[in-house]
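# What the coordinates show
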Amino acid sequence: MADIDIRSVRKAYGKNQVVHGVDLSIRSGEFVVVLGPSGCGKSTLLRMIAGLEAITAGEIAIAGDVVNNLEPRERGCAMVFQNYALYPHMTVAENIGYGLKVAGLSKPERTARVETVAKSLGLSEYLDRKPGQLSGGQRQRVAMGRAMIREPKVFLFDEPLSNLDAKLRVQMRIEIRKLHNRLGTTSVFVTHDQVEAMTLADRVVVMNGGHIEQVGTPEEIYRNPASRFVAGFIGSPPMNLFDGRVTGPGEVQAHGIVLSVPHAGLKPGRPVTIGIRPEEVVLGAAGSNVASIDVDFSEELGSVRLLHGQVAGADFVIQVPATTAGPKIGRFSFEVPARAVHLFDAETGNRIGTAASGARAAA
Amino acid sequence: MIERTPVLNLVTHAVLFIGLAIAFVPMWLVFVAATLSLQEINTPPISLLPGSHLWENLAEAWTRADLGVKLTNSLIMSVAVAAGKIALASITAFALVFFRFPGRMTAFWLIFITLMLPLEVRIVPTYAVAANVFSPYQTILDVTGLSWLWQQLTGAELALEWNLLNSYTGLVLPLVATATGTFLYRQFFLTVPEELMEAAKMDGAGPMRFFREILMPLSITNMAALFTIMFIYAWNQYLWPLLITTDRTHRGTAVMALRQLIPMSGDSTGGGVPDWNVAMAGCLIVVAPALLVVALMQRFFVRGLIASDK
């Protein structure tokens with residue numbers, strides 16, 4: 001177990017900079033998920049921790065030691081690759097034990113440890129098979145066994161679940177989290193799947209365009225997105241975002257709809273982006289902050305129903321329980337509770353805090 | 001794919017069998033000739049059915065051309081060429097594919113160019129180098145005046161010499177130094193996923209260990225294909241062994257020995273008896289090892305050349 005310190009790390013390929021000065025501290029034993037769209041630099045960051053990519057500028061320290069110039073094998077990291085990267089000509093046992101063989105352990109010792117690891121992953125009966133004879137999930141487990149057996153200080157996962165089918169993905173997700181609960185090894189997990197991020201992580205790191213947008217627990221990221229990007233990226237269906245402006249103290253307006261908000265210190269005339277989560281609006285016109293939506297299409301998702309439509313000409317989605325009675329298409333009025341309104345600066349995209357959330361951030 | 005084209009099937013099969021016949025008839029004639037007596041073979045028309053003298057012809061060819069020694073020489077040379085080729089090709093391709101170093105592309109193109117210069121084209125300079133491996137260096141020293149300087153300083157003439165004539169080394173090395181295998185290996189290495197190398201790195205394996213324990217086992221079919229090609233190539237060499245071996249009794253190869261069995265009017269023996277039956281029997285013996293290698297390696301050979309099963 002070890003903590004990881006990433007200090008102003010940059011990566012450039014020639015003139016093309018892909019990671020722009022990332023600072024991140026990962027505590028010992030923590031499960032951190034790096035989340036972002038493809039090309040945001042998240043895999044590059046992981047590979048720099050692993051030692052597979054050179055660090056252009058900045059420092060990475062594992063357990064207090066700067067590892068910039070160490071070979072991958074000296075860093076105490078183990079990695080699970082997206083396509084598993086199992087050695088095709090070796091059996092499962094040889095694949096799992098290869099790291100120990102390279103390290104020069106005796107055969108009996110290796111066999112014993114391979115058996116222990118294989119047993120904990122349910123691979124005992126497959127030890128003599130070649131990777132080609134295994135299913136996707138089993139290959140994934142072999143890849144994890146290969147990482148586990150060296151008892152590394154840090155586990156690195158590079159989108160390990162994206163080659164699995166949906167059902168297996170859910171199952172392996174749970175297994176990975178259970179494994180972490182049992183071993184308690186510091187883990188960094190890279191993915192573009194927000195569900196994986198929300199379910200696995202102690203803390204989520206949202207990256208975009210080579211920058212870190214936000215670091216926080218899954219709940220913080222969901223409840224208080226730090227930027228317009230995070231707000232739009234996290235959540236399915238995504239947050240409704242549209243442009244508006246401040247019209248008075250505690251009041252914003254967009255497309256002719258006036259919303260009162262708990263944010264303090266808003267200068268009238270300031271352009272803002274207004275964000276409303278689809279599940280936080282309340283159907284029916286009670287109270288203030290009421291608007292109406294023309295629903296032209298509704299989606300049944302089993303437990304919930306999505307209503308797609310326009311609010312004053314702008315696209316808008318509302319999520320309601322599937323049990324909601326009444327027509328599915330037509331004009332509905334709904335209420336936006338003041339605490340459900342997120343505001344972002346129209347230029348920088350940064351979150352504009354409410355008095356309450358500001359106080360929490362300061363504490 | 002399922003197709004129903006009976007006419008096309010018939011035509012393609014006919015083409016196949018005609019091709020087979022064209023390829024096979026000469027071999028058949030060699031075999032028939034090897035089974036006839038001297039008298040039978042010199043009686044027109046050419047017999048198309050085998051006779052009964054195969055074993056005595058084989059025995060005669062074996063002793064007259066001293067094939068025991070020659071076949072051993074050929075075998076040593078061919079195995080050495082094939083093995084040397086695999087070693088050289090795999091390690092060069094490894095450097096070209098998995099490492100980034102200055103001059104990588106230059107090295108690549110220099111190797112590529114050797115494809116356009118087969119042994120026959122560069123045979124005179126190759127012979128000069130084989131006669132004295134140090135001659136290029138000697139020339140450099142002479143031209144730059146360094147050997148003159150050496151003579152002034154020490155009083156002794158500087159004459160570097162390492163002669164490869166009449167040796168197995170001389171037979172083998174020039175045949176090994178070509179690019180064919182390097183390209184076969186390069187193509188294979190390019191299909192190996194990069195993650196495999198990274199996984200090996202994470203497992204702590206250095207480059208040579210990765211090469212030995214992961215790349216080499218994966219390339220077994222390639223190795224078999226290359227071995228077959230190079231074995232046959234070296235086995236069939238005629239011109240180069242003829243040039244480099246002066247002691248033909250001890251260093252001559254089997255293909256060279258065949259020449260001694262062929263009756264020629266301009267020969268030192270003054271023409272002699274036209275005993276083609278013995279010559280053809282010699283052919284049968286000499287072609288047998290090559291056939292055997294192809295037969296044994298054929299399965300791997302085809303797999304190695306068409307696809308990589310990973």
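The model shown is predicted, which means the values in this text are computed figures rather than measured ones. (Residues numbered from 1 in each chain as written. Chains lettered and ligands numbered in written order. Predicted model: local features only at pLDDT ≥ 70, side-chain atom pairs only at ≥ 80, totals over all residues. Heavy atoms only, no water.)

### Things to note about the interface of chain B and chain A
Each partner contributes residues to the interface: chain B has 16 residues there, and chain A has 22 residues. Taken over both partners, the interface formed by chain B and chain A buries close to 1,800 Å², and the fraction arising from carbon and sulfur atoms is 61%. The largest per-residue losses of area from chain B upon contact with chain A belong to Glu198, Met202 and Asp203 of chain B, which jointly make up 38% of the total buried on that side. Here chain B is connected to chain A by 1 salt bridge. Seen at the junction of chain B and chain A, the total is 8 residue pairs in polar contact (both at pLDDT 80 or more). Where the side of chain B that touches chain A is concerned, the elements lending two or more residues are α11 (194-202) and α12 (207-218) of chain B. Element by element, the count of residues in the side of chain B that touches chain A is highest for α11 of chain B, at 7 residues. Across the side of chain B that touches chain A, the residue classes break down as 8 nonpolar, 2 polar and 6 charged. (Contact = heavy atoms within 4.5 Å. Buried area = accessible area lost by both parts, 1.4 Å probe. Salt bridge = Lys/Arg side-chain N within 4 Å of Asp/Glu carboxyl O. Polar contact = N/O pair within 3.5 Å; in protein donor to acceptor, adjacent residues only side chain to side chain. Helix = DSSP H or I, 4+ residues; strand = E, 2+ residues; numbered from the N terminus. Nonpolar A, V, L, I, M, F, W, Y, C, P; charged D, E, K, R; others polar.)

### Digging into the UniProt feature "domain: ABC transporter" (unreviewed entry) in chain A
Per the UniProt record, "domain: ABC transporter" (unreviewed entry) is found at residues 4-234 of chain A. Strand forms 26% of residues 4-234 of chain A and helix 36%; the C-alpha atoms that close the span are 25 Å apart. (UniProt positions renumbered as here; feature names shortened; annotations may be inferred.)

### Observations regarding the pattern of salt bridges
All names here are of chain A. One pass over the full model with this rule turns up 19 salt bridges over all chains. A salt bridge links glutamate 30 to arginine 203, with the nearest nitrogen and oxygen atoms 2.5 Å apart. With a gap of 173 residues between them, glutamate 30 in the loop between β2 (16-26) and β3 (31-35) and arginine 203 in strand β9 (residues 203-208) connect regions that are remote in the sequence. Residue class for arginine 203 comes out buried when judged on its relative accessible area of 16%. (Buried < 20%, exposed > 50% of the residue type's maximum accessible area, 1.4 Å probe, protein only.)

### Focus on the nonpolar core
Side chains that are nonpolar tend, in soluble globular proteins, to be buried together. In terms of nonpolar packing, the biggest core is built from 100 residues, with Ile6, Ile60 and Leu156 of chain A together with Phe98, Phe189 and Ile214 of chain B touching the most fellow members. When residues of this core are assigned to their parent elements, the largest contribution, 11 residues, is made by helix α4 (residues 67-98) of chain B. Residues in contact with isoleucine 6 of chain A, not counting those within four places in the same chain, are Val22, Asp23, Leu24, Leu45, Ile49, Glu59 and Ile60 of chain A. Within the second largest apolar cluster, 43 residues are counted, among which are Val142, Phe157, Leu164 and Ile234 of chain A. (Core = buried A, V, L, I, M, F, W, Y, C linked by side-chain atoms within 4.5 Å.)

### Brief notes about the domain arrangement of chain A
All names here are of chain A. One can read the domain layout of chain A as domain 1 (4-228) and domain 2 (236-362). For domain 1 versus domain 2, the distance between C-alpha centres works out to 37 Å. Every contact between the two is made by 9 residues of domain 1 and, on the other side, 14 residues of domain 2. Each partner contributes to the roughly 950 Å² buried at the junction of domain 1 and domain 2, and carbon and sulfur atoms together form 41% of this total. On inspection of domain 1 and its partner domain 2, the count reaches 2 salt bridges. (Domains from an automatic or database assignment.)

### Brief notes about the UniProt feature "transmembrane region" (unreviewed entry) in chain B
Residues and elements named next belong to chain B. Within this structure's numbering, the places UniProt gives as "transmembrane region" (unreviewed entry) are residues 7-31, 75-99, 106-128, 171-193, 214-235 and 278-302. The annotated region residues 214-235 carries 95% helix and 0% strand content, and the separation between its end C-alpha atoms amounts to 31 Å. Its end C-alpha atoms 35 Å apart, residues 278-302 is made of 100% helix and 0% strand.

### Brief notes about the side chain of arginine 141 of chain A
Turning to its location among the elements, arginine 141 of chain A is positioned in helix α4 (residues 136-148). A relative accessible area of 14% means that arginine 141 of chain A is categorised as buried.

### So, the packing of aromatic side chains
Geometrically, a pair of aromatic rings is defined through the distance of the ring centres and the angle of the planes. Residues and elements named next belong to chain A. For the coordinates displayed, the defined rule picks out 25 aromatic pairs over all chains. Residues phenylalanine 31 and phenylalanine 189 carry aromatic rings whose centres are separated by 6.0 Å and whose planes lie at 35° to one another, so their mutual orientation is tilted. A residue pair is termed long-range when its members are at least 10 positions apart, and phenylalanine 31 in strand β3 and phenylalanine 189 in strand β8 (residues 186-191) qualify at 158 residues. Summarising the burial analysis for this pair, phenylalanine 31 and phenylalanine 189 share the class buried. In this structure, arginine 146 packs its charged tip against the face of tyrosine 87, placed 4.9 Å from the ring centre. For arginine 277, the ring lying beneath its charged end belongs to tyrosine 222, and the centroid distance is 4.0 Å. (Phe/Tyr/Trp six-rings, centres within 6.5 Å; stacked < 30°, edge-to-face > 60°. Lys NZ or Arg CZ within 6 Å of the ring centre and 35° of its normal.)

### What to know about the environment of glutamine 151 of chain B
Position of glutamine 151 of chain B among the secondary structure elements: in helix α8 (residues 146-154). Leaving out residues up to four positions away in the same chain, glutamine 151 of chain B has contacts with Ala156 and Glu157 of chain B.

### Some details on the packing of α11 of chain B against α12 of chain B
In a pair of packed helices, the angle between the axes and the distance between the axes together describe the arrangement. Residue and element names in this part refer to chain B. Put simply, α11 and α12 touch, their axes get as near as 11 Å, and they point 150° apart. Seen along the crossing, α11 lies across α12 with a hand that is right-handed. Between α11 and α12, the contacting residues are Leu196, Met197 and Ala200 on the first element and Phe210, Ile214 and Leu218 on the second. The residue inventory of the contact of α11 with α12, partitioned by class, reads 6 nonpolar, no polar and no charged. (Axes fitted to C-alpha atoms, helices over the stretch in contact; angles between N-to-C directions. Left-handed = near helix turned anticlockwise from the far one by under 90°.)

### Remarks on the side chain of serine 187 of chain A
Residue and element names in this part refer to chain A. With respect to the helices and strands, the residue serine 187 is situated in strand β8. On the accessibility criterion, serine 187 (1% relative accessible area) is buried. Within the local environment of serine 187, its side chain forms a polar contact with the backbone oxygen of threonine 185, the two atoms lying 3.0 Å apart. Among all residues touching serine 187, those that are not within four sequence positions of it are Glu30, Phe31, Val32, Phe155, Phe157 and His180.

### Observations regarding the packing of helix α10 (residues 180-191) of chain B against helix α13 (residues 220-235) of chain B
Residues and elements named next belong to chain B. Contact pair α10 / α13: the axes reach a minimum separation of 11 Å and the direction vectors enclose 165°. When the interaxial angle is binned, α10 and α13 end up roughly antiparallel. Crossing handedness for the pair α10 and α13: right-handed. Touching Thr180, Gly181, Leu184, Tyr185 and Phe188 of α10 are Asn222, Met223, Leu226 and Met230, all from α13. (Parallel < 35°, antiparallel > 145°, perpendicular 65-115°, else oblique.)

### Focus on the environment of methionine 172 of chain A
Residue and element names in this part refer to chain A. Tracing the backbone through its elements, the reader meets methionine 172 in helix α5 (residues 166-183). Methionine 172 sits in the buried class, given a relative accessible area of 0%. The spacing of methionine 172 and glutamine 140 is 32 residues in sequence and 8.4 Å in space, taken between C-alpha atoms. Look past the residues within four positions of methionine 172 in its chain and what remains in contact with it is Gly137, Gln140, Arg141, Met144, Leu161 and Leu164.

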